[in-house]
Amino acid sequence: MSNDESSGAILKTQLDPKLARPRLKEGLVPEDTGIWVSIEEGVDAGRKETLSPGGVYTIGREGADIVLNDGKVSRKHAEIGLYGPGAYMLRDLASTNGTWLNGKPVGDRAKLGNGDVIRVGDTAIRIDIVENSVPISD
């Protein structure tokens, strides 16, 4: 916030939508590719979410695309980026407790593949990628 000295009013900082790039949420992954995350361990175990449209998805406690009820997870802990065929990335967002992929710490980012397990806090998340799938007709 800033202080307008002429009137003494406090002004709030506002985001200029012309300057901020929107996070992509679709059109990056081919239609014949299915991508899901399954929470395998932790408070939210058993939950599944689809990421098939592609784009960028945040993992965290609050205000994230994939919200976890895990006290060891930061509000904005990690990010899954699905940028196109074979271009699937995991990024740690400077989290307090770190992000792990298949038992190894993620520095800045790591490439994701089918069956990989992401660990944030006490939560384990498996990613499933099915490429060249054939739709089932009714």
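1. Things to note about the sheet that holds strand β3 (residues 34-41)
Two strands in a sheet stick together by hydrogen bonds in their backbones, pointing the same way (parallel) or opposite ways (antiparallel). Pairing in this open sheet of 6 strands is antiparallel, and the strands run β4-β3-β13-β12-β9-β10 from one edge to the other. Single-partner strands in this sheet number two, and they are β4 (48-50) and β10 (104-105). Sheet analysis places β3 next to β4, joined by 3 bridges and oriented antiparallel. Paired with Val37 across the two strands is Glu49, which belongs to β4.

2. Details of the sheet that holds strand β8 (residues 88-92)
The 5 strands lie next to each other as β6-β5-β7-β8-β11, forming an open sheet whose pairing is mixed. Of all the strands in the sheet, the pair left with one neighbour each is β6 (66-67) and β11 (109-111). As paired elements, strand β7 (residues 78-82) and β8 share 5 bridges and run antiparallel to each other. In the sheet register, Gly81 faces β8, and the bridge partner there is Met89.

3. A look at the pairing of β8
Here β8 shows a buried face lined by Tyr88, Leu90 and Asp92 and an unburied face lined by Met89 and Arg91. With 3 bridges joining them, β8 and β11 adopt antiparallel strand pairing. When the sheet's bridge partners are listed, Leu90 is paired in β11 with Ala110.

About the criteria used
Residues numbered from 1 in each chain as written. Predicted model: local features only at pLDDT ≥ 70, side-chain atom pairs only at ≥ 80, totals over all residues. Heavy atoms only, no water. Pairing = 2+ DSSP bridges. Helix = DSSP H or I, 4+ residues; strand = E, 2+ residues; numbered from the N terminus. Buried < 20%, exposed > 50% of the residue type's maximum accessible area, 1.4 Å probe, protein only.

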